[in-house]
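# Architecture at a glance
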Amino acid sequence: MSDFSRLSLNSATTKYWTLEQVIDGCVRTGIPAIGPWRDRVAEVGTERAAKLISNAGLRVSSLCRGGFLTASDPAGREAAVQDNRAAILEAEILGAGELFLVVGGLPDGDRDIVAARQRVADRLEELVPFAAEHGIRLVLEPLHPMYAADRALLSTLGQALDLAAPYPAAVVGVAVDTFHVWWDPQLREAIARAGREGRIASYQVCNLPIAADALLSRGMMGDGVIDFATITGWVAEAGYRGDIEVEIFNQEIWDAPGDELLETVKERYSSLVLPFA
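Bear in mind that the values here come from a model prediction, so they are computed numbers and not experimental data. (Residues numbered from 1 in each chain as written. Predicted model: local features only at pLDDT ≥ 70, side-chain atom pairs only at ≥ 80, totals over all residues. Heavy atoms only, no water.)

### Thoughts on the overall build of the protein
Looking only at helices and strands, the protein features 11 helices and nine strands. Relative to the compact-globule value of 19 Å for 277 residues, the protein shows a C-alpha radius of gyration of 18 Å, a close match. Reported as C-alpha extents along the three principal axes, the dimensions of the protein are approximately 50 × 45 × 35 Å. Out of the 277 residues belonging to the protein, those deemed buried represent 56%. A total accessible area of about 11300 Å² is found for the protein, and carbon and sulfur atoms account for 53% of it. (Helix = DSSP H or I, 4+ residues; strand = E, 2+ residues; numbered from the N terminus. Rg over C-alpha atoms; globule rule 2.2 N^0.38 Å. Buried < 20%, exposed > 50% of the residue type's maximum accessible area, 1.4 Å probe, protein only. Areas by Shrake-Rupley, 256 points an atom, 1.4 Å probe, with all protein chains shown as cover.)

If you want it as structure tokens, here you go:
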């Protein structure tokens, strides 16, 4: 029998389910952990969400998401800091431990990517003490370069590690998401470095190819070109033993019956990821 003890369902994978439906689905299908998005938590309130998850016997692998730290105007900078502080408090109440940060792209009309990246570093410096005070690890997630303009100026794991470097690994970590980093020729070296530094905070699995809408291009493990055996092996060699989240943005998958989807998640995880983890 397969060991699903490290498997976590990111709530984005079942987009049309409420938080309560995601919780119930995990319980029915034996998935022990959940990675909720903040919008689903907000629908019931953070305190109630924490109770629902705890009462169901599930653990929270991460909270998605904070970030969007590139605003150049004072009001935008302050709004970003306040929203991320709120997200840190939500993660603490949920018992998440890990808060994903999607750092943001270029503000409208802005072309200075160097300055925008510096603002990310500046905002991170502001947030780290607050996160440490509340026992939350900020998780920098590099996104595929096609998202650099509008979602994340961090495109490689190496960039994320450089940004994290000034801070303790227990407070600032990095995510390895196969969809976003599989293409990187320096990936093996970056994963090994992340392992040496103790910074791998999350491993997320999903596939591609790119669809007409790039945002909805993530596919089920096994349905695309990503070599899960190799990347999972590198992550394992780096010493990561935490949860493995399945996070998929895909209209066809979202439209599938939820319980069938979760069984497919388990089958693909069992055959394509678990043997190498």
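### Remarks on the pairing of strand β4 (residues 63–67)
Taken across its five residues, β4 has four buried, putting it largely inside the fold. Two strands pair when backbone bridges link them, and β4 and strand β5 (residues 98–102) are joined in this way by three bridges, in the parallel orientation. Opposite Gly66, over in β5, you have Leu101 as the bridge partner. Of the crossover connections in this fold, the one passing from β4 over helix α4 (residues 74–94) to the parallel β5 is right-handed. (Pairing = 2+ DSSP bridges. Right-handed = clockwise from strand over helix to strand, strands pointing away.)

### Description of the sheet that holds strand β9 (residues 244–246)
What the nine strands build is an open sheet, ordered β3-β2-β1-β9-β8-β7-β6-β5-β4; its pairing is parallel. Both edges of this open sheet fall to β3 (59–60) and β4, since each of them pairs with a single strand only. As paired strands, β5 and strand β6 (residues 137–140) are joined by four bridges and run parallel to one another. Residue pairing across strands places Leu101 opposite Leu140, the latter belonging to β6. Here helix α5 (residues 113–133) sits on the sheet in contact with β5, β6 and β7 (172–177), set at roughly 145° to β6. Where helix α11 (residues 258–273) meets the sheet, its contacts fall on β1 (7–10), β8 (200–205) and β9, and the angle it forms with β1 comes to roughly 135°. (Contact = heavy atoms within 4.5 Å. Axes fitted to C-alpha atoms, helices over the stretch in contact; angles between N-to-C directions.)

### Some details on the environment of Leu101
For Leu101, the location among the structural elements is in strand β5. Classification of Leu101 by relative accessible area gives buried; the value is 0%. Along the sequence, Leu101 and Pro142 sit 41 residues apart, while their C-alpha atoms lie 9.1 Å from each other. Beyond its immediate chain neighbours, meaning those up to four positions away, Leu101 contacts Gly66, Gly67, Asn84, Leu124, Leu138, Val139, Leu140 and Glu141.

### Quick look at the packing of aromatic side chains
Within the structure shown, the criterion is met by four aromatic pairs. With 6.1 Å between their ring centres and 35° between their planes, Phe4 and Tyr269 make a pair best called tilted. Here Tyr269 lies in helix α11 and Phe4 lies in the segment before β1, a separation of 265 residues in the sequence. Owing to a relative accessible area of 18%, Phe4 belongs among the buried residues under this scheme. When its relative accessible area of 0% is taken as the criterion, Tyr269 is described as buried. A ring pair is formed by Trp37 and Phe249, whose centres lie 5.9 Å apart and whose planes are at 75°; its orientation type is edge-to-face. (Phe/Tyr/Trp six-rings, centres within 6.5 Å; stacked < 30°, edge-to-face > 60°.)

### Topic: the nonpolar core
Within the largest apolar cluster, 81 residues are counted, with the highest numbers of intra-cluster contacts made by Leu138, Leu140, Ile191 and Tyr203. In this view, Tyr203 contacts Val176, Thr178, Phe228, Ile231, Thr232, Val235, Tyr240, Asp243, Ile244, Glu245 and Val273; residues no more than four positions away in its chain are not counted. (Core = buried A, V, L, I, M, F, W, Y, C linked by side-chain atoms within 4.5 Å.)

### Structural notes on helix α6 (residues 157–164)
Taken residue by residue, α6 has Leu157, Ala160, Leu161, Leu163 and Ala164 as its buried positions. The buried residues of α6 occupy an angular sector of 160° when projected down its axis, which confines them to one face. Tucked inside the fold, the buried residues of α6 contact α5, β6, β7 and α8 (187–197). (Arc of directions from axis to C-beta.)

### A short note on the packing of helix α1 (residues 19–29) against α11
As a packed pair, α1 and α11 sit with axes 10 Å apart at the nearest point and diverge in direction by 55°. One element, α1, and the other, α11, form an angle in the oblique class. The hand of the α1/α11 crossing is right-handed. Packed against α1, whose contacting residues are Gly25, Cys26, Arg28 and Thr29, the element α11 presents Asp259, Leu262, Glu263 and Lys266 at the interface. Split into classes, the residues belonging to the contact of α1 with α11 amount to two nonpolar, two polar and four charged. (Parallel < 35°, antiparallel > 145°, perpendicular 65-115°, else oblique. Left-handed = near helix turned anticlockwise from the far one by under 90°. Nonpolar A, V, L, I, M, F, W, Y, C, P; charged D, E, K, R; others polar.)

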